[in-house]
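What the coordinates show
Spelled out from the first residue to the last, the chains are:
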Amino acid sequence: MKRKAIFFFAVILAAVLPLSSCEYVLPDFGSFFRADSSEERFTISSERVCERGSYGLGTNIKLSGDIDVYVFFMDDDESSWSVYETNAFMKDSVSVALEFIKDKGAEWGISINFTVHEYSTAQDDGFEMRYDGKVNKDLRVDGSTKDVLEQAARCIGYASADEMHENIVKNNGGREAIYLTAIEKDGISYTRNQTGGNGRYTEHCVLFTEKLLFLNSVMIPKPDTVAHEIFHLFGAEDLYKPSARERAASEICPNDIMLLDTRNIKKLDVCEYTAYTVGWTEEVPMECYIEEWRHD
Ligand SMILES: [Zn+2]
């Protein structure tokens, strides 16, 4: 398993998205390739090799404006959150991740305001946030646990995640709502995002702690993992796979949030392709014409 793949794993939920055909104009690569002899390294395609197929699907459409963030600290048969741990996660991970997204959005001319709502058993605010069973922590062994958000929704009084989302959106004036479920054990975080098909899937992230990060002596998910997974909700794609794409991305956008695994989020960026996949720009980036960029 490659080092980055250990942390990030996108879940394919639906069948292949039917790609819409459209007229295209091959962009001028002059400015990009002038700096060096990159023509030698990339194979330029006369047609687009990727179509931001996850953009605009599911419940998360626009990564802009006022957005509600719901954080569900789920205990399960193997783990539970303490007040100290939930505070550390909110302060050192979620807040840092949201600030990163807000700052990078501003660089692209996009204004974002997050309002965070938090539910946990530990905070003793009347909710028992408990997953009935065991949430799988290693996707490579057990696969993803598919009903974490369903159970979180039931814990706060809804019949299902869909019902919860419908109610939240009805009451918040139609704003975007992001759902982060957090599990207090070391594992591989992932996002259940809609990648094709019809209907509307209630998208959400399942975040595990990471042994690599000991902030305030507790284990929490790294902020760049949280930011990476939130970008997936809105259509962003992994740049670290397949290997040809990773090699190209390492040259074109080496600091992109969807490529790198780093402990310092301050060094990360949101480059043209990722900005395009989440709708921060409508300009088709030149990556879409590089053969090596083709997604698996
Ligand atoms: Zn990913």
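Residues numbered from 1 in each chain as written. Predicted model: local features only at pLDDT ≥ 70, side-chain atom pairs only at ≥ 80, totals over all residues.

**Side note on the overall build of the chain**
- Helices and strands together make up the secondary structure of the chain, namely eight helices and eight strands.
- A buried classification covers 42% of the 296 residues belonging to the chain.
- Intrachain contacts of the chain at a sequence separation of at least 6 include 73% that bridge at least 24 residues. (Helix = DSSP H or I, 4+ residues; strand = E, 2+ residues; numbered from the N terminus. Buried ≥ 20, exposed ≤ 12 C-beta atoms within 10 Å, placed from the backbone. Contact = placed C-beta atoms within 7 Å.)

**So, the nonpolar core**
- Counting residues in each nonpolar core, the largest one holds 72 residues, and the members touching the most others are Phe72, Met74, Ala182, Ala227 and Ile230.
- At seven residues, helix α2 (residues 83–107) tops the list of elements feeding residues into this core.
- Non-local contacts of Ala182, meaning those with residues more than four positions away in its chain, are made with Val71, Phe72, Phe73, Met74, Phe89 and Leu207. (Core = buried A, V, L, I, M, F, W, Y, C linked by C-beta atoms within 7 Å.)

**Here we look at unusual backbone geometry**
- Of note, the bond from Lys241 into Pro242 is cis; its omega dihedral lies within 30 degrees of zero at -10°.
- Note on placement: Pro242 falls in the loop between α6 (223–233) and α7 (243–252).
- Unusually for a residue other than glycine, Arg52 sits at a positive phi of about 35°.
- By the element assignment, Arg52 lies in the loop between α1 (30–33) and β2 (65–74).
- Assessed through the 20 C-beta atoms surrounding it within 10 Å, Arg52 is described here as buried.
- With a phi angle near 55°, Asp124 is a residue other than glycine that sits in the positive phi range.
- Position of Asp124 among the secondary structure elements: in the loop between β3 (112–119) and α3 (139–142).
- Exposure remark for Asp124: the 8 C-beta atoms within 10 Å place this residue in the exposed category.

**Some details on the packing of α2 against α6**
- Where α2 contacts α6, the two axes come as close as 8 Å, and the packing angle between them is 55°. As summarised for this structure, α2 and α6 are arranged oblique, according to the angle between their axes. The handedness of the crossing between α2 and α6 comes out as right-handed. Where α2 abuts α6, its residues Ser93, Val94, Val96, Ala97, Phe100 and Ile101 lie against Pro223, Val226, Ala227 and Ile230.
- Taken together, the residues of the contact of α2 with α6 sort by class into nine nonpolar, one polar and no charged. (Axes fitted to C-alpha atoms, helices over the stretch in contact; angles between N-to-C directions. Parallel < 35°, antiparallel > 145°, perpendicular 65-115°, else oblique. Left-handed = near helix turned anticlockwise from the far one by under 90°. Nonpolar A, V, L, I, M, F, W, Y, C, P; charged D, E, K, R; others polar.)

**So, the confidence of the model for the chain**
- With 84% of its residues at a pLDDT of 70 or more, the chain shows a mean pLDDT of 86.
- pLDDT under 50 marks residues 1–27. Its contacts with residues more than four places away, or in other chains, come to 50 contacts. (pLDDT = per-residue confidence, 0-100.)

**Considerations on the pairing of strand β4 (residues 176–186)**
- In terms of residue burial, β4 counts as a mostly covered element, since nine of its eleven residues are buried.
- Across eight bridges, the pairing between β2 and β4 is parallel. Considered in β4, the bridge of Val69 is made with Ile178.
- Of the strand pairs in this sheet, β4 and strand β6 (residues 204–209) are connected by five bridges, and their pairing is parallel. From the neighbouring strand, Asp186 faces β6, where its bridge partner is Thr209. (Pairing = 2+ DSSP bridges.)

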